[in-house]
2 protein chains.
Amino acid sequence: MEKILIKNGKVLLFENNDVIIKNRDILVEEGKITKIEEKIPNSPEYHLIDAQNQIVMPGLINTHAHIPMSIFRETSEGVSLNEWLNNRIWPIEDRLTKQDIYNASMLSLIEMISTGTTCINDHYFMSEQIREAVRKLKVRAVLTRVIMDVDNNLQERIDEFKSFYETRLPDEDLITYSVAPHGLYTCTDKALQASANLARQYNLPIHIHFLESIDEIDDIKKLHGKRAIEVLKQYFNGIHTVLAHGVKLDDEDIKVLKTMDCGIAHNPISNLRLGCKIADTTRYLQEGINVALGTDGQGSGSNLDMFEAMRIACLIQGGIHENEARITAKEAIYMATINGAKLLGLNTKIGSIEVGKDADIILVDITKNLDNIIMYPNSNEVANLVYNTTGRNVTTTIVKGNVLMENRIIKGVDVNEIIKSAENIIK
Amino acid sequence: MEKILIKNGKVLLFENNDVIIKNRDILVEEGKITKIEEKIPNSPEYHLIDAQNQIVMPGLINTHAHIPMSIFRETSEGVSLNEWLNNRIWPIEDRLTKQDIYNASMLSLIEMISTGTTCINDHYFMSEQIREAVRKLKVRAVLTRVIMDVDNNLQERIDEFKSFYETRLPDEDLITYSVAPHGLYTCTDKALQASANLARQYNLPIHIHFLESIDEIDDIKKLHGKRAIEVLKQYFNGIHTVLAHGVKLDDEDIKVLKTMDCGIAHNPISNLRLGCKIADTTRYLQEGINVALGTDGQGSGSNLDMFEAMRIACLIQGGIHENEARITAKEAIYMATINGAKLLGLNTKIGSIEVGKDADIILVDITKNLDNIIMYPNSNEVANLVYNTTGRNVTTTIVKGNVLMENRIIKGVDVNEIIKSAENIIK
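Visitor: Would you mind going over the overall build of chain A with me for this structure?
Guide: For chain A, the helix and strand inventory stands at 16 helices and 16 strands. Its C-alpha radius of gyration of 21 Å places chain A within 12% of the 22 Å reference for a compact globule of 427 residues. Within the span of chain A, comprising 427 residues, buried residues form 58% of the whole. Sequence separation of at least 24 residues holds for 75% of the intrachain contacts in chain A that already meet a minimum separation of 6.

Visitor: Just checking my understanding: could you explain the interface of chain A and chain B for this structure?
Guide: When the parts of a complex come together, some accessible area is lost, and that lost area is often taken as the interface size. With 60 residues of chain A in contact, the opposing surface of chain B contributes 60 residues. The set of elements that each furnish at least two residues to the side of chain A that touches chain B consists of α2 (98-114), α9 (268-273), α12 (306-317), α15 (381-387) and α16 (415-426) of chain A. No other element matches the 6 residues that α16 of chain A contributes to the side of chain A that touches chain B.

Visitor: Sorry, what's going on with the relation of the copies chain A and chain B here?
Guide: Both copies of the chain are related by a screw-like operation: a rotation about an axis and a shift along it. Once turned by 180° and shifted 0.0 Å along the axis, chain A lies on chain B with an RMSD of 0.0 Å. Such a combination of turn and shift is consistent with a two-fold rotation axis. Taken together, the interface assignments show that 100% of the residues at the interface of chain A recur at the interface of chain B, consistent with an identical surface on both copies.

Visitor: Would you explain the environment of Ile361 of chain B in this entry?
Guide: All names here are of chain B. Its place among the elements puts Ile361 in strand β14 (residues 361-365). With 31 C-beta atoms packed within 10 Å, Ile361 lands in the buried category. C-alpha separation for the pair Ile361 and Val399, spaced 38 residues apart in sequence, amounts to 6.6 Å. Setting aside residues up to four positions removed in sequence, Ile361 forms contacts with Ile6, Val56, Pro58, Gly59, Ile353 and Ile398.

Visitor: What exactly am I supposed to notice about the sheet that holds strand β6 (residues 60-65) of chain B here?
Guide: The pairing of strands in a sheet comes from backbone hydrogen bonds and takes either a parallel or an antiparallel form. All names here are of chain B. The 4 strands lie next to each other as β6-β7-β8-β9, forming an open sheet whose pairing is parallel. A strand with exactly one partner marks an edge of an open sheet, and here the two such strands are β6 and β9 (175-177). Averaged over all neighbouring strand pairs, the angle between strand axes comes to 15°, with direction disregarded. Bridge analysis of strand β7 (residues 117-122) against strand β8 (residues 140-143) gives 3 bridges, and the strand direction is parallel. The residue of β8 that forms the bridge with Asn121 is Val142.

Visitor: It is not clear to me how helix α3 (residues 127-137) of chain A should be interpreted in this structure. Could you clarify?
Guide: Spacing of three or four residues puts side chains on the same side of an α-helix, whose turn is 3.6 residues. Of the positions making up α3 of chain A, those classed as buried are Ser127, Gln129, Ile130, Arg131, Ala133, Val134 and Leu137 of chain A. Those residues of α3 of chain A that are buried lie in contact with α2, β7 (117-122), β8 (140-143), α4 (154-166), β9 (175-177) and β16 (402-405) of chain A.

Visitor: Would you mind going over the sheet that holds β7 of chain A with me for this structure?
Guide: All names here are of chain A. Pairing is parallel in the open sheet, where 4 strands are placed in the order β6-β7-β8-β9. Of all strands in the sheet, those with a lone pairing partner are β6 (60-65) and β9, marking the two edges. Averaged over all pairs of adjacent strands, the angle between their axes in this sheet comes to 15°, without regard to strand direction.

Visitor: Would you take a moment to explain the pairing of strand β5 (residues 54-58) of chain A for this structure?
Guide: Successive residues of a regular strand alternate their side chains across the two faces of the sheet. Residue and element names in this part refer to chain A. Burial within β5 is extensive, with 5 of its 5 residues counted as buried. Sheet topology note: the strand β1 (residues 3-15)/β5 ladder contains 2 bridges and is parallel. Paired with Val11 across the bridge in β5 is Val56. Summarising the sheet, β5 and strand β14 (residues 361-365) pair through 5 bridges and their orientation is antiparallel. Paired with Met57 across the strands is Ile362, a residue of β14.

Visitor: Hey, could you run me through unusual backbone geometry in this one?
Guide: Most peptide bonds are trans, and most residues other than glycine sit at a negative phi. Of note, the amide linkage connecting Tyr376 of chain A to Pro377 of chain A takes the cis form, showing an omega dihedral of -10°. For Pro377 of chain A, the location among the structural elements is in the loop between β14 and α15. The phi angle at Asn17 of chain A is positive, at roughly 55°, despite the residue not being glycine. Within the secondary structure layout, Asn17 of chain A lies in the loop between β1 and β2 (18-29). Residues other than glycine seldom take positive phi values, yet Asp171 of chain B does so here, at roughly 65°. Taking the number of C-beta atoms within 10 Å as the measure of exposure, Asp171 of chain B has 5 and is therefore exposed.

Visitor: I would appreciate a short explanation of the domain arrangement of chain A in the present structure.
Guide: Residues and elements named next belong to chain A. The domain boundaries assigned to chain A delineate domain 1 (3-58 + 355-405) and domain 2 (60-343). The gap between the C-alpha centroids of domain 1 and domain 2 is 28 Å. At the interface, 21 residues of domain 1 touch 24 residues of domain 2. At 5 residues, the largest contribution of residues to the side of domain 1 that touches domain 2 is made by α15.

Visitor: Help me out: how do you make sense of helix α5 (residues 189-202) of chain A in this one?
Guide: Residues and elements named next belong to chain A. Over its 14 residues, α5 extends 20 Å from the first C-alpha to the last, a length consistent with the 20 Å expected when each residue adds 1.5 Å. Restricting attention to buried positions, one finds in α5 the residues Ala191, Leu192, Ala194, Ser195, Ala196, Leu198 and Ala199. Those residues of α5 hidden inside the fold are in contact with α4, β10 (206-210) and α7 (228-236).

Visitor: Would you mind going over the nonpolar core with me for this structure?
Guide: In globular proteins that are soluble, nonpolar side chains generally tend to be buried together. Counting 284 residues, the largest nonpolar core has Met310 of chain A together with Val56 and Met310 of chain B as its most contacted members. Sequence-distant contacts of Met310 of chain A, that is, excluding residues within four places in its chain, are made with Leu293, Ala332, Ile333, Ala336 and Val386 of chain A.

Visitor: How do you make sense of the environment of Glu381 of chain A when you look at a structure like this?
Guide: All names here are of chain A. Within the element layout of this structure, Glu381 appears in helix α15. For the pair Glu381 and Lys233, spaced 148 residues apart in sequence, the C-alpha to C-alpha distance is 41 Å. Those residues within four positions of Glu381 in sequence are excluded, and the remaining contacts are Ile21 and Ile55.

Visitor: Would you explain the pairing of β6 of chain A in this entry?
Guide: Residue and element names in this part refer to chain A. Where burial is concerned, most of β6 is hidden: 6 out of the 6 residues are buried. By the bridge criterion, 4 bridges tie β6 to β7 in an arrangement that is parallel. Bridge pairing in β7 places Ile61 opposite Cys119.

Visitor: Where do I start with the confidence of the model for chain A in this structure?
Guide: Note: predicted coordinates in regions of low pLDDT should not be interpreted at a detailed level. All names here are of chain A. Looking at chain A as a whole, its pLDDT mean stands at 96, while 100% of the residues score no less than 70. Across chain A, the secondary-structure element scoring lowest on mean pLDDT is helix α1 (residues 81-94), at 84, and the one scoring highest is β14, at 99. As scored by the predictor, the complex reaches a pTM of 0.98 and an ipTM of 0.97.

Visitor: For this particular structure, what's the right way to read the environment of Leu5 of chain B?
Guide: All names here are of chain B. Note on placement: Leu5 falls in strand β1 (residues 3-15). Residue Leu5 is classed as buried on the basis of its 21 C-beta neighbours within 10 Å. In this structure, the C-alpha to C-alpha distance between Leu5 and Val179, residues 174 residues apart in sequence, is 38 Å. Residues within four places of Leu5 in sequence aside, it is in contact with Asp25, Leu27, Ile40, Asn42, Tyr46, Leu48 and Ile49.

Visitor: Would you explain the packing of α12 of chain A against helix α13 (residues 329-336) of chain A in this entry?
Guide: Between two packed helices, both the angle of their axes relative to each other and the distance between the axes serve to describe the pair. Residues and elements named next belong to chain A. Axis separation between α12 and α13 bottoms out at 9 Å; the angle between their running directions is 135°. What the angle tells us is that α12 and α13 run oblique. For the crossing formed where α12 meets α13, the hand is right-handed. Contact residues: α12 offers Met306, Ala309, Met310, Ala313 and Cys314, while α13 offers Ala329, Ala332, Ile333, Met335 and Ala336. Residue composition of the contact of α12 with α13, grouped by class: 10 nonpolar, no polar and no charged.

Conventions adopted
- Residues numbered from 1 in each chain as written.
- Chains lettered and ligands numbered in written order.
- Predicted model: local features only at pLDDT ≥ 70, side-chain atom pairs only at ≥ 80, totals over all residues.
- Helix = DSSP H or I, 4+ residues; strand = E, 2+ residues; numbered from the N terminus.
- Rg over C-alpha atoms; globule rule 2.2 N^0.38 Å.
- Buried ≥ 20, exposed ≤ 12 C-beta atoms within 10 Å, placed from the backbone.
- Contact = placed C-beta atoms within 7 Å.
- Least-squares fit on C-alpha atoms with pLDDT ≥ 70 in both.
- Pairing = 2+ DSSP bridges.
- Axes fitted to C-alpha atoms, helices over the stretch in contact; angles between N-to-C directions.
- Domains from an automatic or database assignment.
- Expected span 1.5 Å × (residues − 1).
- Core = buried A, V, L, I, M, F, W, Y, C linked by C-beta atoms within 7 Å.
- pLDDT = per-residue confidence, 0-100.
- Parallel < 35°, antiparallel > 145°, perpendicular 65-115°, else oblique.
- Left-handed = near helix turned anticlockwise from the far one by under 90°.
- Nonpolar A, V, L, I, M, F, W, Y, C, P; charged D, E, K, R; others polar.

Here it is, written out as structure tokens:
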């Protein structure tokens, strides 16, 4: 495996409970960060990456997505949720082939690499083809096969999950797994129990939609005879759990969540586009609940650009905290990096630039030119990353020492071909 | 003046109360749009602009900004409003030279041109230098000299405004003017009366901050002995008025505003960053109040990218309208174009691509490539403009037939030099 020297960058580090940007060189060996020093001399054996005029930061971690849903981008605009699902999503999902899922996934993974995300937590079906795309492009991913039993096919879903999980490759450590019951309103008690059993049997986390919209609250009560939080605790207490959304948490919910091994994957853009209002992430963090960031699928989340997610996550807190302290750009950076790593149980490996961690690193261009004029004068580099940067500023994306994109070129990928294949699916 | 042929573009038009995108060529003569047809033959006398793979749309209109405030970008992050004003804004504003204002304005105008805004409504002081920069870069602007009398210098302010207005050039129709009392909480009755007098004397619109934050409500009552809306009506009834912000409107306010000749310049990003909560623009539009878009100064508004403003304006309505109809991408496009033109009293000239209107036109790149992968598949071109586009996609900016930027090059401008000059101001 090649050694990489990232030279002359402004490196974003977490030190003393703060986000610090320092001029540092970084050495990567065997996929790991082995040195972070002021000057590391170059050597012919190194793959040299010049990070002049660039911020060098941890790869972003998208903690809730539906990888193949790239094909549903901007299909929900101006139609009701029911019309959207009935006329646009379900008829297409119903006829998706394995090749379609692969092609749609390729587009999302390219989108993710090109916007600086190095790890993605998926929640979908036809998982074999998603895994094939993930392997092809060498990103980091947490994969699953979603379990729900609205169609009474629970055993089939469980078997699919098992067969998917059991055909994993040994030592393929870029891919990890979760057990993913769809949601408390789409899973019977039987399905939740089966999911908990699988999670315990394989020692895997749970990844579940939780209190995204107000409608769920009643639906869950009807289906299970008790409040959502009680159902959650009944089945998943003691299991590490990723709660996607968590928009509608009340005092009691927060009290219980604090006693559980769980955290929130906050998807601000999707929440807003679906009219679900605003999750009080400022409070969740104050209460000590881990909050990370996600994009959700492109059908509701627009795109996979986590810089946009960071920006919106910060901004919208000013929509519910009037003249009050609320999360800042620094917290948004945490949410998109180290908090995400914790939420996915990967924080010993990724989420920060530290000696000993895997080299999941991105470079973000801040050159003083016309494209970046919205960053200057740059009085606060951390705030600038959140408020005036998009994924398009990312020049280089590295996952475990593999350079997936360098100077905005993803080698071996014909972007036009990938777009065309995805377009053909929804024609 | 050169004739321009914009060929092979996808042209965004307003037809039958809808936003339509059609393949059209556009001919520009003497600064005006003279033809919009399926195929207009090229001729050697034309400056040919190839719009293949681009959306051709009306230049965006920023209805509330403080042009020289580029230098305060990201200075407010993580500090209280008081600390920000006392330690960062006022000490610097106090020592700004004329050259500083010119340099800071140049940066904002370049920022505006490069992100597709062709017209900007300013609200600041040292207006001569702002006008000098506006003339130099040939953008369209509504200029003023802000009036306030917290420092008991009303007559001086009025004289400054008059001298500024009266030294305007004849036939300089890219620059128009407004009378700008700062706000109802920073102007005594005397200052408001003087502003109304000036507006009537010169037949100019008013441009004023109005109900941006909750604190204002009491402050205005204390200063004027009545509610904000009553003060507004007392002085400005019958005068066309641009109300910046209008976040805190109640039923009574809306009822009165509907009887007045006014509209709202909505600044979503600034409102959120200052913790002012969310203006109910969905309702304002339903009630028939004109709502346009602005960025506010970069100190609170991050940047002048109106695509970002459109996106956030749409998204945040989902933060207050749960499971309800609310403004869509189409309305955001209106807000940033034709509604803005109406608000500034310029809608017979600009705001849409129509034969007879001035050629204030921008081209937005949607080429299928890595930079634009977040747009594809593209099931809804209008939604894509709002949700997956930034000002960086703008390749070409034309104001009244002058090509200010072409293929992302602004001729005669050294961007690096302009950034350096702005940086020097806040060193």
